[in-house]
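The lines below spell out each chain.
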Amino acid sequence: MRIHLKQSVEIILKGGVLAIPTETVYGLAASLSSENGIKKIFQLKNRPLENPLIVHISQIDETEPLVEKKPPFFEELASRFWPGPLTLVVPASDTVPTIVRAHLPSVALRIPGNPLTRKLIRQAGPLVAPSANLSGRPSSTCPEHVEEDFGSDFPILDGGACAFGLESTILIFRNGEWTLGRLGAITCEQIAGVLGYLPKASSSQKALCPGQKFRHYSPKARLKFGGERRECDIVLGFDGRDYPGASHVISLGSLKHPEVITQNLYKSLREVDLKGFEEVWVDSDFPRSGLLEAVAERLKKASN
Ligand code: TXA
Ligand code: MG
């Protein structure tokens, strides 16, 4: 059910949950100050309680009460990339409810790029919001996807299709440096432009973002990421390529336009299920740089 800003503010202030548009993917939002609303998010998504949520704010000074201590380069990263698809994980103050951060000492923060959502935050206060999909499923990049997962009566603040179609990049300040928690819509090269170094992925086996260890982005169909295609005749591939013998090709777009590929990614993964395919071969022969590195990571996870 598509609703307006005024109704959205009312839902949030009453401790309810609704879907909100962001420039990355749709989020399932509740007020940071409503424990009931936050609990509802976990229930609706069937999300494990040990997977913490990102707090969405509308301007940088709203970080003040939430952050215990700002790490070096926090201001520089925030002023360069916010509003935008970068999430910063920093030491949390006691005011951040433990359910939001899954009892971690840190909090994940970002200012979303969608002006309608920032308006909602200005009127209703900071929002916690995971991606608006059932846990494990592909994220939602348009209102139709939210309806697929939560039903046509579910309230959605309609912002149309998401500009990036890929989640925010997550940086975690840890042991004196910024580390990559999740690849996303801001590339590591862009971040290096501010930090002067490429944020490293965690060297330990333990995922830095608790969410990274769970099943993710997956359609019901079995995906085969690369390897021999053999008898698999359904292909998730790219424009301008030949897939001899394929009975159906879903194209993610042209490799010349990675930003179009990210826009199509989750739509294509959802299409696999809508078409009822059981097994799909995914073309893994593409460069691992810029946005395509994140695309490869998502497709690999989706195929696990
Ligand atoms: O683009 C996005 O980031 C979207 C939109 C809606 O903002 N949100 C999103 O949320 O992708 P979600 O919940 O699907 O993914 C958030 C990730 C999870 O892997 C979670 O474990 C991690 O962020 N996270 C949240 N708080 C954290 C913390 N304090 N420390 C480490 N990781 C954290
Ligand atoms: Mg998610």
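Up top is the structure.
None of the values given here were measured: they were computed from a predicted structure.

This paragraph deals with helix α5 (residues 143-150). For α5, every residue scored as buried is listed here: Pro-143, His-145, Val-146, Asp-149 and Phe-150. Along the long axis of α5, the arc covered by the buried residues comes to 155°, so they all point the same way. Residues of α5 that are buried sit in contact with β1 (2-3), β2 (18-20), β3 (27-31), α2 (35-45), β8 (156-157) and α7 (258-274). The first or second residue beyond α5 is Gly-151, which carries a positive phi of 95°.

Scanning the model with the defined rule gives six aromatic pairs in all. Plain terms: the ring middles of Phe-238 and Phe-286 are 5.3 Å apart, the flat faces sit at 65° to each other, and that makes the pair edge-to-face. Highlighted residues: Phe-238 in the loop between β13 (234-237) and β14 (248-251) and Phe-286 in the loop between β15 (279-282) and α8 (291-302), separated in sequence by 48 residues. The exposure classification of Phe-238 matches that of Phe-286, with both residues buried. Sitting above the plane of the Trp-281 ring, Arg-229 keeps its charged end 5.7 Å from the centroid. Above the face of the Phe-286 ring, Arg-288 is positioned so that its terminal group lies 4.5 Å from the ring centre.

With respect to spatial proximity, 28 residues lie near ligand 1, and among them Thr-24, Asn-51, His-56, Ser-168 and Gly-211 are the closest. With respect to ligand 1, the side chain of Ser-106 contributes an N or O atom lying 3.0 Å from a nitrogen atom. For ligand 1, an oxygen atom lies 3.0 Å from a polar atom in the side chain of Arg-110. For ligand 1, the protein covers 98% of the area, taking 680 Å² as the surface of the free molecule. In terms of residues, the shell around ligand 1 owes the most to one element, strand β6 (residues 106-110), which gives four residues. Split into classes, the residues belonging to the shell around ligand 1 amount to 15 nonpolar, nine polar and four charged.

With that settled, the discussion passes to the environment of Tyr-217. Looking at the secondary structure, you find Tyr-217 in the loop between β11 (200-201) and β12 (222-225). The buried category is assigned to Tyr-217, whose relative accessible area is 1%. A sequence separation of 110 residues divides Tyr-217 from Val-107, and the C-alpha atoms of the two residues are 23 Å apart. The contacts of Tyr-217, once residues within four sequence positions are left out, are Gly-136, Arg-137, Pro-138, Ser-139, Glu-167, Arg-182, Gln-212, Tyr-266, Leu-269, Arg-298, Lys-301 and Ala-302. Of note is the side chain of Tyr-217, whose polar atom sits 3.5 Å from the side chain of Arg-298.

Quick look at the packing of α7 against α8 now. Orientation of α7 relative to α8, taken along the N-to-C sense of each, is 15°, at an axis distance of 9 Å. Looking at the two axes, α7 sits roughly parallel to α8. α8 is crossed by α7, and the crossing has left-handed handedness. Residues Pro-258, Glu-259, Ile-261, Thr-262, Leu-265, Tyr-266 and Leu-269 of α7 form the contact with α8, whose own contacting residues are Leu-291, Leu-292, Val-295, Arg-298, Leu-299 and Ala-302. The class makeup of the residues in the contact of α7 with α8 is ten nonpolar, one polar and two charged.

Take unusual backbone geometry next. Cis geometry is adopted by the peptide bond preceding Pro-83, which originates at Trp-82 and carries an omega value of -10°. The phi torsion at Ala-102 lies on the positive side, around 50°, for a residue other than glycine. Assignment of secondary structure puts Ala-102 in the loop between β5 (86-91) and β6. Residue Ala-102 is classed as buried on the basis of its relative accessible area of 17%. Although it is not a glycine, Arg-230 adopts a positive phi angle of roughly 45°. The exposure class assigned to Arg-230 is exposed, which follows from its relative accessible area of 63%.

Criteria and thresholds
- Residues numbered from 1 in each chain as written.
- Chains lettered and ligands numbered in written order.
- Predicted model: local features only at pLDDT ≥ 70, side-chain atom pairs only at ≥ 80, totals over all residues.
- Heavy atoms only, no water.
- Buried < 20%, exposed > 50% of the residue type's maximum accessible area, 1.4 Å probe, protein only.
- Helix = DSSP H or I, 4+ residues; strand = E, 2+ residues; numbered from the N terminus.
- Arc of directions from axis to C-beta.
- Contact = heavy atoms within 4.5 Å.
- Phe/Tyr/Trp six-rings, centres within 6.5 Å; stacked < 30°, edge-to-face > 60°.
- Lys NZ or Arg CZ within 6 Å of the ring centre and 35° of its normal.
- Near = heavy atom within 4 Å.
- Polar contact = N/O pair within 3.5 Å; in protein donor to acceptor, adjacent residues only side chain to side chain.
- Areas by Shrake-Rupley, 256 points an atom, 1.4 Å probe, with all protein chains shown as cover.
- Nonpolar A, V, L, I, M, F, W, Y, C, P; charged D, E, K, R; others polar.
- Axes fitted to C-alpha atoms, helices over the stretch in contact; angles between N-to-C directions.
- Parallel < 35°, antiparallel > 145°, perpendicular 65-115°, else oblique.
- Left-handed = near helix turned anticlockwise from the far one by under 90°.

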